[in-house]
Every structure is written in C-alpha cells, then in structure tokens.
Amino acid sequence: MKPTIALSIVVPVYNEEKNLHRLHEEITSACRKLDRTYEIILVDDGSRDGSLGVLRSIQASDPRVRIFRLRKNFGQTAALSAGFDNARGEIIVTLDSDLENDPNDIGLLVAKIEEGCDLVCGWRKDRWKKHFFSRRLPSLTANWLISHITKVRLRDYGCTLKAFRREVIQNIKLYGEMHRFIPAIAATIGVTITEVPVNFRPRIHGKSKYGISRSIRVFLDLLTVKFLLSYSTRPLQIFGLMGLISGAAGVIIGLVLSYQRLFMQVGIGNRPLLLLAILLMVVGFQFVTMGLLGEIMVRAYHESSEKRIYVVREVIESEPSETE
Ligand code: UDP
Ligand code: MG
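The residue count restarts for each chain, going from 1 along the sequence in the order it is written. Starting at A for chains and at 1 for ligands, labels are handed out in the order in which the entities are written. Two thresholds apply to this predicted model, a pLDDT of at least 70 for residue-level local features and 80 or more for giving and counting side-chain atom pairs, whereas whole-chain, interface and lining totals are computed over all residues. With hydrogens and water excluded, all non-hydrogen atoms of the structure serve as input to the side-chain values.

S.K.: Hey, could you run me through the overall build of the chain in this one?
M.R.: Helices and strands together make up the secondary structure of the chain, namely 11 helices and 7 strands. Taken against the 2.2 N^0.38 rule, which gives 20 Å for 324 residues, the C-alpha radius of gyration of the chain at 26 Å runs more than 25% over that of a compact globule. Here the C-alpha coordinates of the chain stretch approximately 90 × 70 × 35 Å along the principal axes. The 324 residues of the chain split such that 43% are buried. Of all intrachain contacts in the chain linking residues separated by at least 6 positions in sequence, the fraction that spans at least 24 positions is 79%. Computed by Shrake-Rupley with a 1.4 Å probe, the accessible areas treat only the displayed protein chains as cover when residues are assessed. Element-wise, carbon and sulfur atoms account for 59% of the exposed surface of the chain, whose accessible area totals about 18,900 Å². Strands are runs of DSSP state E lasting at least two residues, helices are runs of H or I lasting at least four, and both sets are numbered from the N terminus onward. Only C-alpha atoms enter the radius of gyration; for comparison, a globular chain is expected to reach 2.2 Å times N to the power 0.38, where N is the number of residues. Throughout, exposure labels follow a simple rule: accessible area from a 1.4 Å probe, protein chains only, divided by the maximum for the residue type, with under 20% read as buried, over 50% as exposed, and the rest as partly exposed. Any two residues having at least one pair of non-hydrogen atoms within 4.5 Å are treated as being in contact.

Encoded structure:
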C-alpha cells in the first residue's frame, strides 16, 4: 500500500468517552496548523462505556476520522498495532486519548522527522515534579533499567506521543505490552532516534487503565525484548556457551574425582562433588541441545513469516530499460 497522505494520527481508545470530543478538536486544530494532508485513526479497543457512540458521531462530522473497532479489549499494544496496519500516512504519530499528551506537540515531532530522523519520542519532562518517591523515582528507575538493558538511552519510555517514519513501523511486529519498547526494537534495524521534551497534562476524565501489576508485566516483556534483540538469530551462541561452560566444569570435577579414585584410592561414592559433576554435565548437554533446537526454531520462524534477517532502507538502481 503506497502512502497517499502526509500524516496519520493513531490513537488507542479504551473507555474514554468524556475525553474524545476535546481530543478530536485539539488534534484537528494542531493538524490544520501543519497544513498537510492528514487522517485520524481512532482504534476503539473494546470500550465498555459510551466511547463508541461518541466516536461514531465524531466520524460522521469529520471524514478525515477513521474508526477501527476491535472485537474486544486486546490492550494498548494491540490497539496501536491495528492503527499502524491501517495507517496510510507517510509519517505516523501516536498519542493517548486521555488528553495527557498535548496534540500541539505533534508539529514538533513531525518537524524532527522531516529533518531526517526516523523515530521521535516525546519526553514528558515536567511530569511528576511533586510525587518524588511514589512516582518520579519508580519512573526514573524503570527508564534507567530499560535504557541500560536495551542500550537505547531514552528518558521516557512510557510516553505514547511518538512519531515514526512509515517504513520503521512497518518492519516491527508487536506482542504483549511491547509498544513501549518500539524504540529499542527499531534500533536493531538501524534507525535514528531522538527525544524531544513535550507537554504533560494530568488526566481529568476517566481513570488510568493500569495498576501496579504493569511493572511486573513490563519487566517480563523487557526480558523477552532483550533476548529477542540479542540472541534471536543465534540462540546456540548463548545456550551453547552456557552449556560448554557447565559441561566443561562437570568434566573437570569428574576427572579430578576419577584421578583420586584410581590413583589415590580415595572413595568417591559419598562425595557430593560427584553429584555436582554429573549435574553439570547433564545440564551442559541440555543447554547445547536447547541451543540447537533454538537454531531450528529461528529458521522456521524466519522462513514461515518471510521475515528477513536484514532490513533495506532504500534501493538505488537504474531502471531496467537503461541497463539493457
Ligand atoms: N488503552 C487502550 N487499551 C487498554 C488500555 C489503555 O487502548 O487496554 C488506551 C487508553 O485509552 C489511553 C492509553 O491507552 O488512551 C493509555 O492508557 P492510560 O491512560 O490508562 O495509561 P497511563 O497514562 O496510566 O499510562
Ligand atoms: Mg494516561
């Protein structure tokens, strides 16, 4: 599908009936200022309040609005993904529907993309000035941890206000709660990422959809992301290495014990080290076979999904008629 318009604004909506009219007005006025063709994609993630009715009335009054209604509540990541799959714009901007992000910042992000950046992330700089221990510290810790583990340094992984060049997002598949890791995943296909300070406004209507359990889920997703980013195309290199170390330790201990038994007449039947040696060897063997199985799975995965192990930015070649 060739992009036909300049800008797609993608917004996930879950039980936000009171915020939608103002959201639409603000996005519209922000986009008008930019003087570009645009569409607004609102993805209704199985809302149970009156959101759908409000969305319908907004769509009826504005043909630039496209509504995608998911069958049930699939979660924010899935809602964003549905938006990405259907976006027709050259540049894609995401934001929350609870008005915490300020649509007036869209212009800032778009300008950065047009300067040549592939991905621009909002940084809610002045958020949580007050609640240092309950809010700011956990957020600082999470961003520090994610930055260090993924090696993509950002100050605000949690901000949904982001802008992408179309090709970037098309090469990324999202699962679980992974929308927040898009920059880290995108970095592996070689994109330029910048962060710009954006406005943050506390939610007025409705309430946050997440509780404390989010931290645990985000942490587990971080593990998955780390593993996929570092080893998904070469599992044997990590499992194999662990297997070899473990197996070698087992063999060395075993040899020492055998030497003692054969040449020094020391009984080894009641030595805990014997158990350890056997354990290390078995575990080592299993790690190596696990790595080999991983290699098979990686091949099956890449081939069945036609996913390449590389991503092309651009093809520069002559038209076929010129080379004949
Ligand atoms: N959201 C969604 N599906 C969900 C949960 C949230 O589409 O299952 C949307 C929600 O409507 C909002 C955005 O994702 O636009 C962020 O949600 P929320 O404001 O609850 O998160 P927080 O700001 O507390 O991180
Ligand atoms: Mg919010």
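Back to the text.
S.K.: For this particular structure, what's the right way to read the site of ligand 1?
M.R.: To be near a molecule or strand, a residue needs just one of its heavy atoms within 4 Å of it. In the region of ligand 1, 17 residues are neighbours, and Glu16, Asp45, Asp98, Ser208 and Lys209 sit closest. The contact in question runs from an oxygen atom of ligand 1 to an N or O atom on the side chain of Glu100, over 2.8 Å. For ligand 1, the accessible surface in isolation is 530 Å², of which the surrounding protein chains cover 92%. Residues are grouped as follows: nonpolar covers Ala, Val, Leu, Ile, Met, Phe, Trp, Tyr, Cys and Pro; charged covers Asp, Glu, Lys and Arg; every other residue, Gly included, is treated as polar. When its residues are assigned to classes, the shell around ligand 1 shows 4 nonpolar, 5 polar and 8 charged. Any pair of N or O atoms that falls within 3.5 Å is considered a polar contact. Within protein, one atom must be able to donate a hydrogen and the other to accept it, and sequence-neighbouring residues count only if both atoms are side-chain atoms.

S.K.: Sorry if this is basic, but what is going on with the sheet that holds strand E4 (residues 89-94) here?
M.R.: Across a sheet, paired strands are connected by hydrogen bonds in the backbone, their directions being either parallel or antiparallel. One requirement defines pairing of two strands: DSSP has to find at least two bridges between them. If you walk across this open sheet you meet the 7 strands as E3-E2-E1-E4-E6-E5-E7, and the pairing is mixed. Of all strands in the sheet, those with a lone pairing partner are strand E3 (65-69) and strand E7 (193-198), marking the two edges. In this sheet, neighbouring strand axes are inclined to one another by 20° on average, regardless of whether the strands run parallel or antiparallel. To define axes, lines are fitted to C-alpha atoms, for helices over the stretch in contact only, and angles between the resulting N-to-C directions are given on a 0 to 180 degree scale. Contacting strand E1 (5-13), strand E2 (38-44) and E3, helix H2 (residues 51-61) runs over the sheet at an angle of about 150° to E3. This element, helix H4 (residues 106-114), spans E1, E4, strand E5 (119-124), strand E6 (162-165) and E7 of the sheet and lies at about 160° to E7.

S.K.: Looking at this structure, how should I read helix H10 (residues 272-304)?
M.R.: Residues separated by three or four positions in an α-helix point in the same direction, a consequence of the helix having 3.6 residues per turn. To estimate the expected span of a helix, subtract one from its residue number and multiply by 1.5 Å. Between its first and last C-alpha, H10 extends 47 Å over 33 residues, near the 48 Å set by a 1.5 Å rise per residue. Turning to H10, its buried residues number three or more, namely Ala277, Gly284, Gly291, Gly294, Glu295, Val298 and His302. In this fold, the buried residues of H10 make contact with helix H9 (235-263). Positive phi shows up at Glu306, right after H10, with a value of about 50°.

S.K.: Before we go on, may I ask you to explain the side chain of Arg127 in this structure?
M.R.: Topologically, Arg127 is positioned in the loop between E5 and helix H5 (132-150). Apart from the residues within four sequence positions on either side, Arg127 is in contact with Arg136 and Phe200.

S.K.: Hey, could you run me through the packing of aromatic side chains in this one?
M.R.: Paired rings are identified among Phe, Tyr and Trp, the last through its six-membered ring, by centres lying within 6.5 Å, and are further divided according to the angle between planes into stacked (under 30 degrees), edge-to-face (over 60) and tilted (the rest). Tallied over the full model, the rule gives 4 aromatic pairs. Relative to Phe239, the ring of Phe227 lies with its centre 6.1 Å away and its plane at 50°, an arrangement referred to as tilted. A residue pair is termed long-range when its members are at least 10 positions apart, and Phe227 in helix H8 (residues 213-231) and Phe239 in helix H9 qualify at 12 residues. Phe227 sits in the partly exposed class, given a relative accessible area of 31%. When the centroid spacing of 5.3 Å and the interplanar angle of 45° are considered together, the rings of Tyr259 and Phe263 count as tilted.

S.K.: Sorry if this is basic, but what is going on with the pattern of salt bridges here?
M.R.: A side chain with one charge may pair with a side chain of the opposite charge, provided their charged atoms come close. Any carboxyl oxygen of Asp or Glu within 4 Å of a side-chain nitrogen of Lys or Arg constitutes a salt bridge here. Tallied over the full model, the rule gives 15 salt bridges. Between Glu16 and Arg203 there is a salt bridge whose closest N-O contact spans 3.0 Å. Residue Glu16 is found in the loop between E1 and helix H1 (20-34), and its partner Arg203 is found in the loop between E7 and H8; the two are separated by 187 residues along the sequence. Each member of the pair Glu16 and Arg203 is classed as buried. We note a salt bridge from Glu114 to Arg36, for which the minimum N-O separation is 2.7 Å. Residue Glu114 is located in helix H4, and its partner Arg36 is located in the loop between H1 and E2; the two are separated by 78 residues in the primary sequence. The class of Glu114 is partly exposed, set by a relative accessible area of 45%. Given the relative accessible area of 30%, Arg36 is considered partly exposed.

S.K.: I'm lost on H4 in this one. Help?
M.R.: Within H4, burial applies to Ile106, Leu109, Val110 and Ile113. Relative to the axis of H4, the buried residues are bounded by an arc of 100° and lie together on one face. Note on H4: the residue one or two positions beyond its end, Gly116, has a positive phi of about 125°. The directions from the helix axis to the C-beta atoms are what the arc is built from.

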